[in-house]
Amino acid sequence: MDEEILNTAIWIAGANWMLWRADFEHQGAVTQIPVLIDPQRFGRFRKEYSLLKFRTDEFCEQLRTELCDADEFGQAVVDPTGAELEELASTLSQNYAAANLGMQRSFLSKLAPFANPAIFAPWDRFARLGLGFQLNNQMTYPQYLNAVNEFANGPEGTEISGRLDEIDAYPTDNQDGFQRRVMDVYLMIRGGRWADQIVQA
């Protein structure tokens, strides 16, 4: 474990959690997560996470409304394998020709952690690099999620969890969820995210 990367990851993950706390800690129906029911919050989410870029506001609003009104997203986020999320991404890519499978996968995988932060990991190219995968690797979301789980349950992930417990670095009662957010950011930094902003000794 790289202590310097971990300290930075804790700070970034903590700031992100506080910014989206109402979503990460939402207790009601999945389709009622604040980021889904509030168009302005949804727009801010798209901008911060660089999602559905170059797609019209009308297109994104139609997609947001469909997720609010349908049961498929709620069903997808209770499947810990990520298979249901991948299937939903495939369905949406067929129904919305303006957004392909990769774009829908990225979008749903960044929305899913709000519903279940202890299980889902955002589909992120830097995190994939941090795990040692090449970007041309044709992996599915379930395969990626499995790799993240192997990292989390392996020696380095266990060390990160232990370190978080030791310093009590939790901004929330959902410790498992926050641990996963820290690991996500840790992998992203290791894969080169923010490389031009983070100066390591």
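For the structure, check the block above.
Keep in mind it's a predicted model, so treat the numbers as computed, not measured.

I'm lost on the nonpolar core in this one. Help?
The tendency in soluble globular proteins is for nonpolar side chains to be buried as a group. Counting residues in each nonpolar core, the largest one holds 60 residues, and the members touching the most others are Phe45 and Phe107. Considering every element that reaches this core, the biggest residue donor is helix α12 (residues 175-190), with eight residues. When sequence neighbours within four positions are dropped, the list of residues in contact with Phe107 reads Phe42, Phe45, Leu51, Leu52, Leu63 and Leu67.

Help me understand helix α7 (residues 83-95) in this model?
Every α-helix carries 3.6 residues per turn, so stepping three or four residues along brings you back to the same face. In a regular helix each residue adds 1.5 Å, so 13 residues correspond to 18 Å; α7 covers 18 Å between its end C-alpha atoms and thus fits that length. The complete set of buried residues in α7 reads Leu85, Glu86, Leu88, Ala89, Leu92 and Ser93. Seen end-on, α7 carries its buried residues on one side only, within an arc spanning 160°. Turned more than 90 degrees away from the buried face of α7 sit Glu87, Gln94 and Asn95, all of them exposed. Considering only its buried residues, α7 is in contact with α5 (57-69), α6 (72-76), α8 (101-115) and α10 (141-153).

Please clarify how the side chain of Thr31 should be interpreted in this entry.
Checked against the element boundaries, Thr31 lands in the loop between α2 (21-24) and α3 (34-37). Filtering out sequence-adjacent residues up to four positions away, Thr31 remains in contact with Leu36, Ile37, Leu67, Cys68 and Ala70.

Would you take a moment to explain a negative patch on the surface for this structure?
Judged by side-chain charge, Glu66, Asp69, Asp71 and Glu72 come together as a negatively charged surface patch. Relative to the assigned elements, Asp69 resides in helix α5.

Would you explain the packing of aromatic side chains in this entry?
Where two aromatic rings form a pair, the distance of their centres and the angle of their planes describe that pair. Summed over all chains, the structure comprises 15 aromatic pairs. What links up through ring pairs into an aromatic cluster is the set Trp17, Trp20, Phe24, Phe42, Phe45, Tyr49, Phe107, Phe114, Tyr170 and Phe178. For Arg44, the ring lying beneath its charged end belongs to Trp20, and the centroid distance is 4.7 Å. Positioned over the ring face of Trp123 is Arg128, at 4.2 Å from the centre of the ring.

Hey, could you run me through the side chain of Arg41 in this one?
Looking at the secondary structure, you find Arg41 in helix α4 (residues 39-48). A polar atom in the side chain of Arg41 sits 2.6 Å from the side chain of Asp23. If we ignore the near neighbours within four places in the chain, the residues touching Arg41 are Leu19, Trp20, Ala22, Asp23, Pro34 and Val35.

Just checking my understanding: could you explain the packing of α10 against α12 for this structure?
The angle between the axes and the distance between the axes are what describe a pair of packed helices. With their axes 11 Å apart at the nearest point, α10 and α12 run at an angle of 100° to one another. Our classification of the angle between α10 and α12 gives roughly perpendicular. Contact residues: α10 offers Leu145, Val148, Asn149, Phe151 and Ala152, while α12 offers Arg180, Met183, Tyr186, Leu187 and Arg190. Looking at the contact of α10 with α12 residue by residue, the classes come out as seven nonpolar, one polar and two charged.

Quick question: what am I supposed to make of the pattern of salt bridges here?
Oppositely charged side chains can form a pair if their charged atoms are brought close together. What the rule picks out here adds up to nine salt bridges. The closest approach of N and O atoms between Asp57 and Arg46, which form a salt bridge, is 3.8 Å. Placement of the pair is Asp57 in helix α5 and Arg46 in helix α4, with a sequence separation of eleven residues. The residue Arg105 makes a salt bridge to Glu86 at a minimum N-O spacing of 2.6 Å. On the criterion of sequence distance, the pair formed by Arg105 in helix α8 and Glu86 in helix α7 is long-range, its members being 19 residues apart.

Definitions and cut-offs
Residues numbered from 1 in each chain as written. Predicted model: local features only at pLDDT ≥ 70, side-chain atom pairs only at ≥ 80, totals over all residues. Heavy atoms only, no water. Core = buried A, V, L, I, M, F, W, Y, C linked by side-chain atoms within 4.5 Å. Buried < 20%, exposed > 50% of the residue type's maximum accessible area, 1.4 Å probe, protein only. Helix = DSSP H or I, 4+ residues; strand = E, 2+ residues; numbered from the N terminus. Contact = heavy atoms within 4.5 Å. Expected span 1.5 Å × (residues − 1). Arc of directions from axis to C-beta. Patch = residues over 30% accessible without salt bridge, like charges linked within 9 Å, V, L, I, M, F, W, Y side chains within 5 Å. Areas by Shrake-Rupley, 256 points an atom, 1.4 Å probe, with all protein chains shown as cover. Salt bridge = Lys/Arg side-chain N within 4 Å of Asp/Glu carboxyl O. Lys, Arg positive; Asp, Glu negative; His and termini not counted. Charge placed at Lys NZ, Arg CZ, Asp CG, Glu CD. Phe/Tyr/Trp six-rings, centres within 6.5 Å; stacked < 30°, edge-to-face > 60°. Lys NZ or Arg CZ within 6 Å of the ring centre and 35° of its normal. Polar contact = N/O pair within 3.5 Å; in protein donor to acceptor, adjacent residues only side chain to side chain. Axes fitted to C-alpha atoms, helices over the stretch in contact; angles between N-to-C directions. Parallel < 35°, antiparallel > 145°, perpendicular 65-115°, else oblique. Nonpolar A, V, L, I, M, F, W, Y, C, P; charged D, E, K, R; others polar.

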